[in-house]
Amino acid sequence: MAKHIAFAGKGGTGKTTIAALIIKYLVANKKGTVLAVDADPNATLYEALGIEATHTLSDIVEEAKEKKGLDDSTKKDYIENKFIEDALVKSTGYDLFVMGAPRQSGCYCFPTTVLKNCIINLENNYDYMIIDNEAGMEHISRGTIQDVDTLLVVSDGSIKGVRAAGRIFELTKSLSFDVGEAYLIVTKIDDPAPLQDEIDAAGLKLLGVIPYDTLLTEYDLHGKPLLDLPDDSPAVKATREICEKIL
Ligand SMILES: Nc1ncnc2c1ncn2[C@@H]1O[C@H](COP(=O)(O)OP(=O)(O)OP(=O)(O)O)[C@@H](O)[C@H]1O
Ligand SMILES: [Mg+2]
């Protein structure tokens, strides 16, 4: 069964960035087979990885609506099979799935259920699943990702961020799925010492700090893939230390 590493945390704290950098680490160090799951409806992980994702789960849901002769149950099977056949992007050293956003108004229940089933179906094909989530608690409260081995709750260097991380951690404890271990990662600062009391109050163990890295800003500005960041960039080095602790 794949080891599930999932992300949570306030918006813009660095979840997608760290997900991409962990994938970079796993691929560069040949740690095993990797499935990257972009479970954020406003998908950006594929851009951080620098690959094209032409077919998302939401595209397939739309296509299925046009398809004749499908009832509710065959439609679900059709979408799940099609998603695995057509939407799994194979890249060098890892594969990627993108959920994407529903085209019409309405809730995300259906794509979320399909995503959950596809993750279960592919469980034995990979050593690692790296699951990038949207800000907030949607996928956690819906249980899209069952049995998270490692939950990385990401906060910027702010009291608000750490408190939000604490609330997410509390929520995971009240739900019916298993979280193996949950850690806090603080980003964009060098020294987390002033936040230590808040971190303790949140009940989360600090796994590491990803310092502010101007190279990330530059790569973002030019839309360059984070996989191309040099090994001595501060964010890459800090991610390596984090990976060595949890893998
Ligand atoms: N350590 C860092 N140093 C400098 N910039 C960073 C760092 N981490 C993230 N950023 C920048 O912060 C912005 C938000 O990062 P990212 O998209 O990874 O956050 P997110 O938590 O995934 O956001 P969202 O909640 O919108 O999905 C990006 O422009 C990214 O380049
Ligand atoms: Mg993100």
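That block above? That's the structure.
Model, not experiment: these values are computed from the prediction.

Rules and cut-offs
Residues numbered from 1 in each chain as written. Chains lettered and ligands numbered in written order. Predicted model: local features only at pLDDT ≥ 70, side-chain atom pairs only at ≥ 80, totals over all residues. Heavy atoms only, no water. Pairing = 2+ DSSP bridges. Helix = DSSP H or I, 4+ residues; strand = E, 2+ residues; numbered from the N terminus. Axes fitted to C-alpha atoms, helices over the stretch in contact; angles between N-to-C directions. Contact = heavy atoms within 4.5 Å. Right-handed = clockwise from strand over helix to strand, strands pointing away. Phe/Tyr/Trp six-rings, centres within 6.5 Å; stacked < 30°, edge-to-face > 60°. Buried < 20%, exposed > 50% of the residue type's maximum accessible area, 1.4 Å probe, protein only. Salt bridge = Lys/Arg side-chain N within 4 Å of Asp/Glu carboxyl O. Near = heavy atom within 4 Å. Nonpolar A, V, L, I, M, F, W, Y, C, P; charged D, E, K, R; others polar. Expected span 1.5 Å × (residues − 1). Lys, Arg positive; Asp, Glu negative; His and termini not counted.

1. Points about the sheet that holds strand E3 (residues 89-91)
Strand order in the open sheet formed by eight strands is E3-E4-E2-E5-E1-E6-E7-E8, with mixed pairing between adjacent strands. At either margin of the open sheet sits one strand with a lone partner, and together these are E3 and strand E8 (205-210). Pairwise comparison of adjacent strand axes, ignoring direction, gives a mean angle of 25° for this sheet. By the bridge criterion, four bridges tie strand E1 (residues 3-9) to strand E5 (residues 128-132) in an arrangement that is parallel. Its bridge partner lying in E5, Ile-5 is registered against Ile-130. Contacts from helix H7 (residues 159-174) reach E1, strand E6 (148-156) and strand E7 (179-187), with the element oriented near 160° to E6.

2. Here's the deal with the pairing of E7
For E6 and E7, the ladder comprises eight bridges, and the chain directions are parallel. Its bridge partner lying in E7, Leu-151 is registered against Ala-182. Of the crossover connections in this fold, the one passing from E7 over helix H8 (residues 196-202) to the parallel E8 is right-handed.

3. Some words on the packing of aromatic side chains
Tallied over the entire structure, the rule returns one aromatic pair. When the ring of Phe-83 is compared with that of Phe-97, the centres are 4.0 Å apart and the planes differ by 15°; the resulting orientation is stacked. Highlighted residues: Phe-83 in helix H4 (residues 72-86) and Phe-97 in strand E4 (residues 94-98), separated in sequence by 14 residues. The class of Phe-83 is buried, set by a relative accessible area of 0%.

4. A word on the pattern of salt bridges
Tallied over the full model, the rule gives eight salt bridges. Among the ionic pairs, Lys-10 bridges to Asp-156, the shortest N-O distance being 3.9 Å. Here Lys-10 is found in the loop between E1 and helix H1 (15-28), whereas its partner Asp-156 is found in strand E6, with 146 residues between them in sequence. On the accessibility criterion, Lys-10 (30% relative accessible area) is partly exposed. The class of Asp-156 is buried, set by a relative accessible area of 19%. A salt bridge links Asp-95 to Lys-90, with the nearest nitrogen and oxygen atoms 3.3 Å apart. Given a relative accessible area of 61%, Lys-90 falls into the exposed group.

5. Structural notes on unusual backbone geometry
Of note, Lys-30 is a non-glycine position whose phi angle comes to about 45°, a positive value. Judged by relative accessible area, which is 74%, Lys-30 ranks as exposed. Even without glycine at this site, Lys-188 takes up a positive phi of about 70°. Within the secondary structure layout, Lys-188 lies in the loop between E7 and H8.

6. Examining the site of ligand 1
Near ligand 1, the surroundings consist of 16 residues, among which Lys-15, Thr-16, Thr-17, Lys-188 and Asp-220 are the closest. For the shell around ligand 1, the element with the most residues is H1, which contributes three residues. When grouped by side-chain class, the residues that make up the shell around ligand 1 number five nonpolar, six polar and five charged.

7. Remarks on helix H5 (residues 109-121)
For H5, built from 13 residues, the straight-helix expectation of 18 Å at 1.5 Å per residue is met to within 8% by its first-to-last C-alpha distance of 18 Å. Buried within H5 are the following residues: Pro-111, Thr-112, Val-114, Leu-115, Asn-117, Cys-118 and Ile-119.

8. As for the side chain of Asp-132
Structurally, Asp-132 is set in strand E5. Salt bridges are absent for the buried Asp-132, whose nearest opposite-charge side chain, Lys-15, sits at 6.4 Å. Among residues more than four places away in sequence, those in contact with Asp-132 are Phe-7, Lys-15, Thr-16, Ala-19, Val-37, Asp-38, Ala-39, Asp-40 and Leu-45.

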